[in-house]
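The lines below spell out each chain.
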Amino acid sequence: MASPYARELEIAQLAVQRAAILTKRVFHEKAKGTVSKDDASPVTIGDFGAQALIIAALRANFPGDAIVAEEEAAQLRSDDKLREPIWGLVRDTKLEDDAAERLLGGGVKDVDDLLEVLDLGRSPGGRKGRVWTIDPIDGTKGFLRGGQYALALALLEDGDVKVGVLGCPNLPVDDEAPLAADIGANQTDAEGRGVIFSAVVGQGATSRPLGTGGLAQGKRIKMKEVTDMASASFCESVESCHSNQSEAAQIAQRLGITKPSVRMDSQAKYGSIARGAGDIYLRLPTSKTYQEKIWDHAAGDLIVREAGGQVTDTKGQRLDFGVGRTLATNSGVIAAPAAVHGRVLEVVQEVLGLK
Ligand SMILES: Nc1ncnc2c1ncn2[C@@H]1O[C@H](COP(=O)(O)O)[C@@H](O)[C@H]1OP(=O)(O)O
Ligand SMILES: [Mg+2]
Ligand SMILES: [Mg+2]
Ligand SMILES: [Mg+2]
């Protein structure tokens, strides 16, 4: 008998792989069709296109499942200058391997279907049933800057993450490559770059080359053991408005961490620590009102936990993906090897005045 979630995993990986072909094309274009959303954050033709391709694959393979995705069609309905290039990209993007493309199935018929497909991602989420979460480009600011970004897809069942897939086109394929100080800036997806991290609950976490055809064999990944805090380092956001960097510096000092933080955009941080290229991911709230979105954390949360890590918020609670489209009951994120998570949490709470 096939292992649980085998089909969901395969379809999710192929969907991410195909959507990454599209985002890589846009990554190399000077004009990325960037517009501003209501919350002033940027979105590009790459975000819309990748979301359409991923949802089309889910619609074809798992028609009964709900979808919580970041983007929606509203802006495109009134803007054909934006809509047309997205439609062109979606229409022309296929996996190089015909058999894999057939297996994935799920095209987008025309421009109207494109808008319809994008809006299939407006489920409110919740505690019941199967819900896919999609972040078509996580770290859009990194994508625009030429840094790291990720395509994130996860399956929730009754609020728990069962399958997580993270495509990181600009990370090295090699799990052993240490995190270079410049890993978050001026990246390419040239030869030797592009990795998919995946996890299924209870089955461990893997990495494999992202590629553009079929899926290569996966390799087991594990977090690095941190025996001595002096040799560890934090992996943090590039954006100081996404995570409080001065509090992180105080926490590092109290823990005896001397190395500078590695800064990179997106859930590539979760993938990097899961494969032992980095140690500890800290995300400290910068505002009392911002609620983290479930699509920004679901895949990464499972991948780190299946690689031997522990993921909680700053209160020490597991991330709760069953309360809606946001992590409304959580505050911040601490992802670390299980053996040191408790110590990191303790110091985070001291510095944030939570104990
Ligand atoms: N004010 C905010 N605080 C925290 N995260 C945010 C905020 N605004 C947007 N984000 C989301 O944070 C994530 C990027 O995190 P990081 O800084 O770790 O790369 C992205 O998912 C981004 O959305 P998006 O998917 O649109 O890029
Ligand atoms: Mg966004
Ligand atoms: Mg995101
Ligand atoms: Mg996004």
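No experiment lies behind these values; they were computed from the predicted model shown.

Visitor: What is the right way to look at the UniProt feature "binding site: Mg(2+)" (unreviewed entry) in the protein chain in this model?
Guide: The UniProt entry lists Glu-70, Asp-135, Ile-137, Asp-138 and Asp-296 under the feature "binding site: Mg(2+)" (unreviewed entry), expressed in the numbering used here. The named residues occupy 227 residues along the chain; their greatest pairwise C-alpha distance, 9.7 Å, places them in one compact cluster. Assignment of secondary structure puts Glu-70 in the loop between β3 (66-69) and α3 (74-77). Sequence-distant contacts of Glu-70, defined by excluding residues within four places in its chain, comprise Ile-134, Asp-135, Pro-136, Lys-293 and Trp-295.

Visitor: How should I be thinking about the site of ligand 1 in this particular structure?
Guide: Around ligand 1 sit 16 residues in total, of which Gly-139, Thr-140, Ser-237, His-242 and Asp-265 are the nearest. Listing elements by their share of the shell around ligand 1, those giving two or more residues are β4 (130-138) and α7 (140-145). Here the element with the most residues in the shell around ligand 1 is α7; it accounts for 3 residues. Classifying every residue of the shell around ligand 1 gives 2 nonpolar, 7 polar and 7 charged. When residues of the shell around ligand 1 are sorted by domain, at least three fall in each of domain 1 (6-221) and domain 2 (229-351).

Visitor: Sorry if this is basic, but what is going on with the sheet that holds strand β14 (residues 333-337) here?
Guide: Strand pairing within a sheet occurs via backbone hydrogen bonds; the two strands may be parallel or antiparallel. Across the sheet, which stays open at both edges, the 5 strands sit in the order β11-β10-β12-β14-β13 with mixed pairing between neighbours. Each end of this open sheet is capped by a strand with a single partner; those strands are β11 (262-263) and β13 (309-312). Alignment of β13 against β14, held across 4 bridges, turns out to be antiparallel. Residue Gly-309 lies in a different strand from β14, and its bridge partner there is Pro-337. The strands touched by helix α8 (residues 245-255) are β10 (234-236) and β12 (280-283); relative to β10, the strand with the most contacts, the crossing angle is about 175 degrees. The strands that helix α11 (residues 338-351) touches are β12, β13 and β14; relative to β14, the one it contacts most, it runs at about 145 degrees.

Rules used in this analysis
- Residues numbered from 1 in each chain as written.
- Chains lettered and ligands numbered in written order.
- Predicted model: local features only at pLDDT ≥ 70, side-chain atom pairs only at ≥ 80, totals over all residues.
- UniProt positions renumbered as here; feature names shortened; annotations may be inferred.
- Helix = DSSP H or I, 4+ residues; strand = E, 2+ residues; numbered from the N terminus.
- Contact = placed C-beta atoms within 7 Å.
- Near = placed C-beta within 6 Å.
- Nonpolar A, V, L, I, M, F, W, Y, C, P; charged D, E, K, R; others polar.
- Domains from an automatic or database assignment.
- Pairing = 2+ DSSP bridges.
- Axes fitted to C-alpha atoms, helices over the stretch in contact; angles between N-to-C directions.

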